[in-house]
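# Residue-level structural notes
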2 protein chains.
Amino acid sequence: MSTPIKVLVVGATGRTGMSVAPFFNTDKGKAVTALTRESSLGKPENQKLKDRGVQVVAADLLGPKERLVDVLTGIDIVISATFWRNLFDQIPLAEAAKEAGVKRFVPCSFMTPSPRGAMRMYDWKDDILAAIQRVYLPWTSIDVGWWSEQVVPSIPSGRTQKYQSPYFEKIPGDGTMPVALTALADIGNYVAKIIVDPRTLNKKVFAYTDVHTYHEVHDLMERLSGEKTARSYVPASEVKQKIDEAEETLSKDPKNDAALMQLFFFQYQNNLGIRGDNTPAKAKIFGYLDFKELYPDVKGETVSELFQKILNGQDKDSLYYLWK
Amino acid sequence: MSTPIKVLVVGATGRTGMSVAPFFNTDKGKAVTALTRESSLGKPENQKLKDRGVQVVAADLLGPKERLVDVLTGIDIVISATFWRNLFDQIPLAEAAKEAGVKRFVPCSFMTPSPRGAMRMYDWKDDILAAIQRVYLPWTSIDVGWWSEQVVPSIPSGRTQKYQSPYFEKIPGDGTMPVALTALADIGNYVAKIIVDPRTLNKKVFAYTDVHTYHEVHDLMERLSGEKTARSYVPASEVKQKIDEAEETLSKDPKNDAALMQLFFFQYQNNLGIRGDNTPAKAKIFGYLDFKELYPDVKGETVSELFQKILNGQDKDSLYYLWK
């Protein structure tokens, strides 16, 4: 029997982390540890991880380097799914990982593919990737498109109600742009394939399950539910205006949090519905490897399967509202 | 007989361009055009290209877009080896290339591999690559390491004199860092292999011929010439100080050309002799494909062969001092 691959997950209590961390623990041949802040050890989120059999260790990313190196020594792969406000704390983590001899670092990306210069969130993540490269730490960057759970349309009966959010109730653009979708629960499985594959070392990988326009997604829900979905739109002109407005505010007041949120939100709308960067063809031009080409036999939960499950009330274990 | 691949070269009269453009013209199955400014059509450099059988057409990169689209229509591959001061003029070129249906754009890189954030020149080129990606133009970025002609040591007899330059007379660092080297004349052949290969589409490729430390290069020259080479050094502390000094000046006076030159020069010294980023192993971590893995049978002129040719006086056709 070979030694299990040792994986450490940062941000294991978030949605992406919860898809990844418990998955690895049930996957034979891998041993997973979740890293948490000293002050968060007693939180219920970490208890949930422990209940799912994940070992939880404490160390602060901005704390003493020796402690981090100590925790990382013996770890083969680090997967970071950290909260976006802590993204830059990955830089000391990467430096410690290099020192500890970690073989592969998966920085927190897990978003929609983008070129540099179109989404501030992407640019931050690209700056962090550059910092990882500058210390010569081998890496793999994984993007997963848009969560299928975030395109569940509202229907009059309310059967899809718990997936509704004021942020995603409107369709960005005119609804005709294709969008690559992944169900939250499949991220763990996809990541597990990617991180042990020598072909993906020092590469960006785009993993996704299906590609649909918003109109197709709505048509699908109407067919499966027999109800009429609500379709309203955020036109391209509004998206552009909101981005410009947020940029303008931030240029004068870089710490303005409301403007930063507005920028992030509308740059996502732009990416999804107007530029249409969240598609396999565009991702190739941005330099990504395509998950479906790497693993043609791996299947995830399709949008159709997810919708059917929700309509049947079989979605009790959904990670999407685990912490709600 | 199949239609030849139509290649357009920008910056064909520079050293990299001269390695690339005439090569393609003698390579069966490819038809090459060189793009020059209207005002440069009559220059002797363009006459030399014509003498080598290259078709020369005129259009200004900052001129009317329709004219550029017109020139680019029917072109399969654009290779840019433009002068560094004109790097950002590649953005309108790329936009026109997208409109004209160009299948692959090779932006001007042809330097040493680097991560983002370690060389301003690299960062500029990375910003241009992002602009190419934002208009969804398929691309390949090619780096070729350091020119072998730039590491020819000085010897008392003066037989290597014409390769001496005040810029490269000192060894960066302590001479123990490996450096990937390519003879200028091989760039055309290497580029020709890369640009017709589907494996390199939307990828960075690192092409090089051999890897030596500066000490090995000097030892080699001593063995081949029977003379003692001059070895002097720019220590790491001096490189760091000069970079800091240039950054400081530029932060107050961004248009200070002398400071910019100093920054570029010492960041190259840092890349080559101190960080050691110009090696195949480091390039992999920066995400590059390795030319030798892609084309194990393609051979270039080794440093040893180049030095022997120079010592024998058989280097009359060297591109390195073509325009001197």
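In case you missed it, the structure is sitting above this.
The structure contained in this document is the topic of the report that follows. (Residues numbered from 1 in each chain as written. Chains lettered and ligands numbered in written order. Predicted model: local features only at pLDDT ≥ 70, side-chain atom pairs only at ≥ 80, totals over all residues. Heavy atoms only, no water.)

### Topic: the overall build of chain A
Summing up its helical and strand segments, chain A has 12 helices and 13 strands in all. The C-alpha radius of gyration of chain A comes to 20 Å, within 12% of the 20 Å expected for a compact globule of 324 residues. Overall, chain A is about 55 × 50 × 40 Å in size when its C-alpha atoms are taken along their principal axes. Scored against the burial criterion, the 324 residues of chain A give a buried share of 58%. In chain A, 78% of the contacts between residues at least 6 apart in sequence involve partners at least 24 apart. For chain A, the accessible surface area stands at approximately 13600 Å², while carbon and sulfur atoms represent 53% of it. Side-chain charges of chain A comprise 41 positive and 40 negative groups, with the mean position of each set lying 2 Å from the other. (Helix = DSSP H or I, 4+ residues; strand = E, 2+ residues; numbered from the N terminus. Rg over C-alpha atoms; globule rule 2.2 N^0.38 Å. Buried < 20%, exposed > 50% of the residue type's maximum accessible area, 1.4 Å probe, protein only. Contact = heavy atoms within 4.5 Å. Areas by Shrake-Rupley, 256 points an atom, 1.4 Å probe, with all protein chains shown as cover. Lys, Arg positive; Asp, Glu negative; His and termini not counted. Charge placed at Lys NZ, Arg CZ, Asp CG, Glu CD.)

### Regarding the nonpolar core
Membership of the largest hydrophobic core comes to 210 residues, with the highest contact counts inside it found for Leu 35, Ile 79 and Phe 110 of chain A together with Leu 35, Ile 79 and Phe 110 of chain B. Among all residues touching Leu 35 of chain A, those that are not within four sequence positions of it are Leu 8, Val 9, Val 10, Gly 11, Val 57, Ala 58, Ala 59, Leu 61, Leu 68, Val 71 and Leu 93 of chain A. (Core = buried A, V, L, I, M, F, W, Y, C linked by side-chain atoms within 4.5 Å.)

### Section: the sheet that holds strand β11 (residues 210–213) of chain B
Residues and elements named next belong to chain B. Taken in spatial order, the 3 strands line up as β7-β9-β11 in an open sheet, and their pairing is mixed. Among the strands making up the open sheet, the edge pair consists of β7 (146–147) and β11. With 4 bridges connecting them, strand β9 (residues 178–182) and β11 associate as antiparallel partners. Directly across from Pro 178, in β11, lies its bridge partner Thr 213. Its contacts with the sheet place helix α7 (residues 214–225) against β7, β9 and β11, and it is angled at close to 95 degrees to β11. (Pairing = 2+ DSSP bridges. Axes fitted to C-alpha atoms, helices over the stretch in contact; angles between N-to-C directions.)

### Some remarks on helix α8 (residues 236–252) of chain A
An α-helical turn contains 3.6 residues, so a residue and the one three or four places further along point in the same direction. Over its 17 residues, α8 of chain A runs 25 Å from end to end, which matches the ideal 24 Å to within 8%, given 1.5 Å per residue. As for α8 of chain A, its buried residues are in contact with α5 (120–134), β12 (233–234) and α9 (257–275) of chain A. (Expected span 1.5 Å × (residues − 1).)

### Concerning the packing of aromatic side chains
In the structure shown here, the tally under the stated rule is 32 aromatic pairs over all chains. With a centroid separation of 5.2 Å and an interplanar angle of 50 degrees, the aromatic rings of Trp 146 of chain A and Tyr 268 of chain A are classed as tilted. With Trp 146 of chain A in strand β7 (residues 146–147) and Tyr 268 of chain A in helix α9, the pair connects residues that are 122 residues apart, well separated along the chain. Across the pair, exposure class does not vary: Trp 146 of chain A and Tyr 268 of chain A are buried alike. Joined through ring pairs, the aromatic side chains of Trp 146, Tyr 167, Phe 168, Phe 265, Phe 266 and Tyr 268 of chain A make up one cluster. Lys 282 of chain A extends its terminal NZ or CZ atom over the ring of Tyr 136 of chain B, reaching a point 4.1 Å from the ring centre. (Phe/Tyr/Trp six-rings, centres within 6.5 Å; stacked < 30°, edge-to-face > 60°. Lys NZ or Arg CZ within 6 Å of the ring centre and 35° of its normal.)

### Regarding the interface of chain B and chain A
With 23 residues of chain B at the contact, the number on the chain A side is 23 residues. When chain B packs against chain A, close to 1900 Å² is buried across both sides, 56% of that on carbon and sulfur atoms. Of all residues in chain B, Arg 116, Tyr 136 and Ile 285 of chain B bury the most surface against chain A, accounting for 38% of the area lost on that side. Between the two partners, chain B and chain A, sit 0 salt bridges. There are 12 residue pairs in polar contact (both at pLDDT 80 or more) connecting chain B and chain A. When contributions to the side of chain B that touches chain A are tallied by element, the ones reaching two or more residues are α5 (120–134) and α10 (280–285) of chain B. Considering only residue class, the side of chain B that touches chain A consists of 10 nonpolar, 4 polar and 9 charged. (Buried area = accessible area lost by both parts, 1.4 Å probe. Salt bridge = Lys/Arg side-chain N within 4 Å of Asp/Glu carboxyl O. Polar contact = N/O pair within 3.5 Å; in protein donor to acceptor, adjacent residues only side chain to side chain. Nonpolar A, V, L, I, M, F, W, Y, C, P; charged D, E, K, R; others polar.)

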